[in-house]
Amino acid sequence: ARAGTHPGIGMVLPVAVGAFGAMAFMHGTLPSAGCTRGPRPRASIAASVAGGSNFFSDARAQRAGVTGVPLKISTFNGIRGVEAMEPLESGTRVLAVPAPNALQVTPDSPCPRWADPVVWRSAAWDLRLALLLLRVKQQAARAEGLNEARAAWLDLLPQSFDTPIHWTDAQLAETRYPALQSAVAMQRKLWSSHHASVAAAATAMAGKVDESASPLLPPTPEEMRWALSCVRSRAFSGPVTGTLKGAAAQLGFAGLLGVASILSGVLQPQQAVDGVSVVAVSVVFSDVIASRFARGKRHVLCPYLDMLNHASSAGGSRLSYEYFADSFSASLDPSAPPPRKGEQVLISYGERSNDQLLQYYGFVERGNPHDVFALQQGAFLLALAEGTPFPPKRLHRLKDEGVADPTAAVTLGRSGGGERALRLARLLCLGEDEIVEGGARAPADAQGEASEARVRAAVARAAELLLRPLQEPDASEGKVD
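All of the points below concern the structure found in this document.

The next subject is the packing of aromatic side chains. A full pass over the atoms with the stated rule returns 8 aromatic pairs. Consider the rings of Y349 and Y361, whose centres lie 6.2 Å apart with planes at 45°: the pair is tilted. In this pair, Y349 sits in the loop between β13 (346–347) and α10 (354–361) while Y361 sits in helix α10, placing the two residues 12 residues apart along the sequence. Each member of the pair, Y349 together with Y361, is buried. In this structure an aromatic cluster arises from ring pairing among F55, F56 and Y304. The ring centre of W226 lies 3.9 Å from the NZ or CZ of K137, which sits over that ring.

And the structure:
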């Protein structure tokens, strides 16, 4: 069970998923038959559970304003997911949840009164959402008034995780995959730093918080990891937009100014109406149209929506914010076969490689079209030189073009080498007259096509040399009967 296929290269890559578990992804697990050995639930909570067929339609969901087609929580090969209770059509809007039920952050989100401003301002989106989630969990523990949808949602959140950050060093070593080991080491260092800063700030703020805003209690390392694991495996993102509530407030203010201007004789009634109309158009344009081109993103943890599992084959599915309804919704892929009654409702979380899926969600997907095998440039160049020997003097070309870093990431995918791998091969395996734009692209003529074929063949030989050891049994494992 230790070896799982790494379909991006078409060879076997050991990933220590079997022995240590690959966790199911509620806003996300991919429990389709295409997953290596599963995946298993993201957490060690019962998969059958709370809510059952009533979770999406019970009184709490109705009071929270949750709407959609008939759905229920079910299990699929031991994995918790969402079942269609009737045949659905492709592209169907299956679920909508009013935005006030969700936890949301943007780059400009103001610091809550219970949070340390220094920590909040320096925090990335995932730490900010983790702080909000910890706060909600502590409110529930103190029996403080909670949004009903959030209360029901908390009951279904995983209580523990077994993603690679929770594995031992020995378990990580069994993957024989340095890229994953390095990524997890960086993740552990970052998350430990997050815990240290949050715990210290929460301790320092004790007794300083307004009585109307109970303080955030210092989380334990385990609680911090739990919150960050929930966020990284369940959150989704989109453009920062205004909200209908905010637009209504602006229009209300503009209307009051208009009435005051009329009563004071500053404006004629038609002038006031024209002014309010301009404000209305500009607000909607800013919120709905211009926001699509904004650089900032809104990151969201949304109850109910995060129960939907992932499949790369559902790439046309959508998680979106509905401005006029002030809701987050999920729609099926309009070009994919829809689920029949009793089948699982799946969406896509975007173009995720197996490296990303394993590190943050705890599973790998067989046949993943977005998969890559990652390695450091130094290792790739050694394999390239072994498979396609080139004059050592050509190495100066890498320095001349600013691509000489031996620790830089190189990727190999289903269709061959990534952009950097191809560029390195062009610089080292082609003659001076065959190189265009510093190796950044292949020539567009017939000679260029022949040169590019040689480059791709060189990359393929390097990939074979790199991956061959991963197909061989680890001698330390002993003989298997």
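And the narrative resumes.
On to helix α13 (residues 419–429), then. For α13, a buried count of 8 out of 11 residues is recorded, marking the element as mostly surrounded by other parts of the structure. Among the residues of α13, those classed as buried are A421, L422, L424, A425, R426, L427, L428 and C429. Turning to α13, the residues buried within the fold contact α11 (377–387), α12 (396–400), β15 (409–413), β16 (416–417) and α14 (446–471).

For the rest of this paragraph, the subject is the environment of V118. Note on placement: V118 falls in helix α2 (residues 117–122). Among the residues examined, V118 registers a relative accessible area of 54% and is labelled exposed. For the pair V118 and A201, spaced 83 residues apart in the sequence, the C-alpha separation amounts to 8.7 Å.

One open sheet accounts for 3 strands, arranged β7-β9-β8; its pairing is antiparallel. Looking at which strands have only one partner, the edges of the open sheet turn out to be β7 (103–105) and β8 (236–239). On average, adjacent strands in this sheet sit at an angle of 25° to one another, irrespective of strand direction. Taken together, the 4 bridges between β8 and strand β9 (residues 297–301) define a ladder with antiparallel strand orientation. Bridge assignment links S237 to a residue of β9, and that residue is H299.

Summed over the entire model, instances satisfying the criterion amount to 2 cavities of 30 Å³ or more. Counted as a void, the largest cavity has a volume near 80 Å³. Lining the largest cavity, in full, are W114, A115, D116, V119, L131, V198, A201, A202, M205 and L216. Top element by residues in the lining of the largest cavity is helix α6 (residues 178–205). It accounts for 4 residues.

Space inside the second largest pocket adds up to approximately 530 Å³. Surrounding the second largest pocket, 23 residues form its lining, P178, A179, L180, A374 and L375 being those nearest its centre. Secondary structure elements with two or more residues in the lining of the second largest pocket: α6, α10, β14 (372–376) and α14. When residues in the lining of the second largest pocket are grouped by element, the largest group, 6 residues, is from α6.

This part covers α11. Along α11, the positions that sit buried rather than exposed are Q377, F380, L381, A383 and L384. Along the axis of α11, the buried residues cluster in a sector spanning 165°; they form a single face. Along α11, exposed side chains directed more than 90 degrees from the buried face belong to L382 and E386. For α11, the secondary structure elements touched by its buried residues are β14, α12, β15, α13 and α14.

Basis of the calculations
Residues numbered from 1 in each chain as written. Predicted model: local features only at pLDDT ≥ 70, side-chain atom pairs only at ≥ 80, totals over all residues. Heavy atoms only, no water. Phe/Tyr/Trp six-rings, centres within 6.5 Å; stacked < 30°, edge-to-face > 60°. Helix = DSSP H or I, 4+ residues; strand = E, 2+ residues; numbered from the N terminus. Buried < 20%, exposed > 50% of the residue type's maximum accessible area, 1.4 Å probe, protein only. Lys NZ or Arg CZ within 6 Å of the ring centre and 35° of its normal. Contact = heavy atoms within 4.5 Å. Pairing = 2+ DSSP bridges. Axes fitted to C-alpha atoms, helices over the stretch in contact; angles between N-to-C directions. 1 Å grid on protein atoms, 1.4 Å probe; cavity = no way out; pocket = protein on both sides within 12 Å on 5 of 7 lines; lining within 4 Å. Points joined across faces, edges and corners; volume = space filled by probe spheres on them. Arc of directions from axis to C-beta.

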